[in-house]
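Chain and residue survey
One letter stands for each residue in the lines below.
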Amino acid sequence: MDIERIPDMVADLRATFDRGRTRPLPWRLAQLDACKRMLDEQRDAICEALAADLGKPRFEAWSAEIAALEKELGHIQKHLASWTRPDRVGAPLVLQPGRARIYKDPLGVVLIIAPWNYPFQLLFSPLLGAIAGGNCAVLKPSEVSAHTSALIAKLVPRYFDTSAIRVLEGGVPETTAVLAERFDHIFYTGNGHVGRIVMTAAARHLTPVTLELGGKSPTYVDESADLDVTARRIMWGKLYNAGQTCVAPDYILAHEAIHDALVGRLEMTLRDFLGADPRESADYGRIVNARHHARLTGLLEGSGEIVCGGEGDAESRYLAPTILRDVPPDAPVMQEEIFGPILPVLKVAGVEEAIRFVNDRPKPLAMYIFTGDSGPRDALLERTSAGGVVVNHVILHLVAPDLPFGGVGESGMGAYHGRTSFDTFTHHKSVLIKPFALDPPLLYPPYDETKQKWLARLI
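Scope of this entry: the structure provided in the associated data block.

The rules behind each value
Residues numbered from 1 in each chain as written. Predicted model: local features only at pLDDT ≥ 70, side-chain atom pairs only at ≥ 80, totals over all residues. Heavy atoms only, no water. Pairing = 2+ DSSP bridges. Helix = DSSP H or I, 4+ residues; strand = E, 2+ residues; numbered from the N terminus. Axes fitted to C-alpha atoms, helices over the stretch in contact; angles between N-to-C directions. Disulfide = S-S within 2.5 Å. Buried < 20%, exposed > 50% of the residue type's maximum accessible area, 1.4 Å probe, protein only. Salt bridge = Lys/Arg side-chain N within 4 Å of Asp/Glu carboxyl O. 1 Å grid on protein atoms, 1.4 Å probe; cavity = no way out; pocket = protein on both sides within 12 Å on 5 of 7 lines; lining within 4 Å. Points joined across faces, edges and corners; volume = space filled by probe spheres on them. Nonpolar A, V, L, I, M, F, W, Y, C, P; charged D, E, K, R; others polar.

With antiparallel pairing, the 3 strands of this open sheet are ordered in space as E1-E2-E20. Taken across any chain shown, the strands that pair with only one partner, and hence form the sheet edges, are strand E1 (87-89) and strand E20 (426-433). Averaged over all neighbouring strand pairs, the angle between strand axes comes to 30°, with direction disregarded. Direction of pairing for strand E2 (residues 99-106) relative to E20: antiparallel, over a ladder of 8 bridges. Across the sheet, Tyr-103 pairs through a bridge with Lys-429, a residue of E20.

Here is the structure:
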């Protein structure tokens, strides 16, 4: 789309919303049904695009980008009728007779900007909430995952109502131009640098934002943890999508009593999962582009001892899964979100040192706690802050539609998934309904002491 046409596109969507086209429940359900058909009919095309962009194994493409959407879609379809009904709430005696209700109004025209690491799921998941809420939407897929972006641009007009849902492809110029328009909500998933740009643009129109950012998600492994299970679960989360996951375990804080044993089990687990040469495994993806490949290889310099991995090939965008030990806290790999298959393991004396380490850094999007003891678990839960926490596993909190997913502080603001997505894309409007009958003069002048006493009793 020409940049000059972006204002007209947004104006067309606003005209659609103003006509009330997206408000009726049947329209919303029809669009959700269309999404379900798309996921079913285009499964192969989606997996092929993701393989082309990220070398994503078919199992990962299906499980994270298709099956996850199908699960959330089914949950929304099941509950949407009840969510859209006004909620009854109590009205105090002083307001009687009267009825208090909360109506769920669509926001209007929303902008959804998706990242490249899960380019399909992280665009359509918030769209499900926008549709459920009765909104029009502009979808901006990431230009970095170009094959998936092109597929989305082809599929949306085929399955969705294009008077209400449009795709804008392009890079920085197109994103900059669309951010200059007035929206009723902006939903951005990506890094903090661009998140600040999005928030600055939104401030010009006082547009509310949801920012799903990232951060260095810590993993604490206590001396009471089952190390075999722990190693499998951590390595699975780290290797998924070649580590290019916003809630991947970024680094490990290992209790000094089990540090060496854990590092050994992580190395063995890596070989069990991907064989002696992960390059040959069909179950291991690739880094998205040359720039990120160079960034990741640069992080390895001066970042501790390489236990295994470290090899890479820029041409094929392959980077071997890499485990690091004896990592200094000020090492390059500890200064930014890794977003790749590099796993630093740091030794700590126990949970108190782990709590201090986490609290000395920006609040993460996720935190993982591996322990068989409720003491360390409760200490970390109560004395640290993170967008979400999983105890004795990683990443899986995203699967529960009734758990809001979002960040805190540097890792983002706002949340979505399930009912929370519907709430994000609706305004909860307070309504008080009073009858004409029974109009006592307590509120009206002339005021006197008797009226004040009776009003004080009623309040």
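Before going further, it helps to examine the sheet that holds strand E15 (residues 366-370). As summarised here, the arrangement of the 7 strands in space is E10-E13-E14-E9-E8-E15-E16, forming an open sheet in which the pairing is mixed. The open sheet terminates on both sides in strands that have one partner only, identified here as strand E10 (305-308) and strand E16 (388-391). For this sheet the average axis-to-axis angle between neighbouring strands, irrespective of direction, equals 25°. Here 4 bridges tie strand E9 (residues 251-255) to strand E14 (residues 342-348), and the two strands are oriented parallel to one another. Looking at E14, one finds that Leu-253 is bridged to Leu-346.

Turning next to the state of the cysteines. Linking two cysteines covalently through their sulfur atoms gives a disulfide. What the rule picks out here adds up to 0 disulfides. Between Cys-35, a free cysteine, and Cys-47, which holds the nearest cysteine sulfur, the sulfur-to-sulfur gap is 15 Å. What makes Cys-47 buried here is its relative accessible area of 5%.

In total, this model carries 21 salt bridges according to the counting rule given. Of the charged contacts, one joins Asp-228 and Arg-265 as a salt bridge, the two residues approaching to 2.9 Å between their closest N and O atoms. Within this pair, whereas Asp-228 is found in helix H9 (residues 227-239), its partner Arg-265 is found in helix H10 (residues 259-274), the two being separated by 37 residues in sequence. The class for Asp-228 is partly exposed, based on a relative accessible area of 42%. By relative accessible area, which is 27% here, Arg-265 ends up partly exposed.

With that out of the way, let us pick up empty space enclosed by the protein. Enumeration according to the criterion identifies 1 cavity of 30 Å³ or more in this entry. When its volume is computed, the largest cavity comes out at roughly 50 Å³. Lining the largest cavity are Gly-215, Ser-217, Lys-238, Gly-243, Thr-245, Cys-246, Ala-248, Asp-250, Glu-337, Phe-339 and Gly-340. For the lining of the largest cavity, the residue count by class is 3 nonpolar, 5 polar and 3 charged.

Moving on to the layout of surface pockets. Each pocket or cavity is described by its volume, and for the largest pocket that value is around 1,300 Å³. In terms of lining, the largest pocket is formed by 49 residues, of which the most central are Tyr-188, Gly-190, Asn-191, Gly-192 and His-193. Where the lining of the largest pocket is concerned, the elements lending two or more residues are helix H7 (172-179), strand E6 (185-189), helix H8 (192-203) and helix H11 (290-299). At 8 residues, H8 tops the list of elements feeding residues into the lining of the largest pocket. Broken down by class, the residue content of the lining of the largest pocket amounts to 21 nonpolar, 15 polar and 13 charged.

As far as function goes, none of this settles anything; it's purely spatial.
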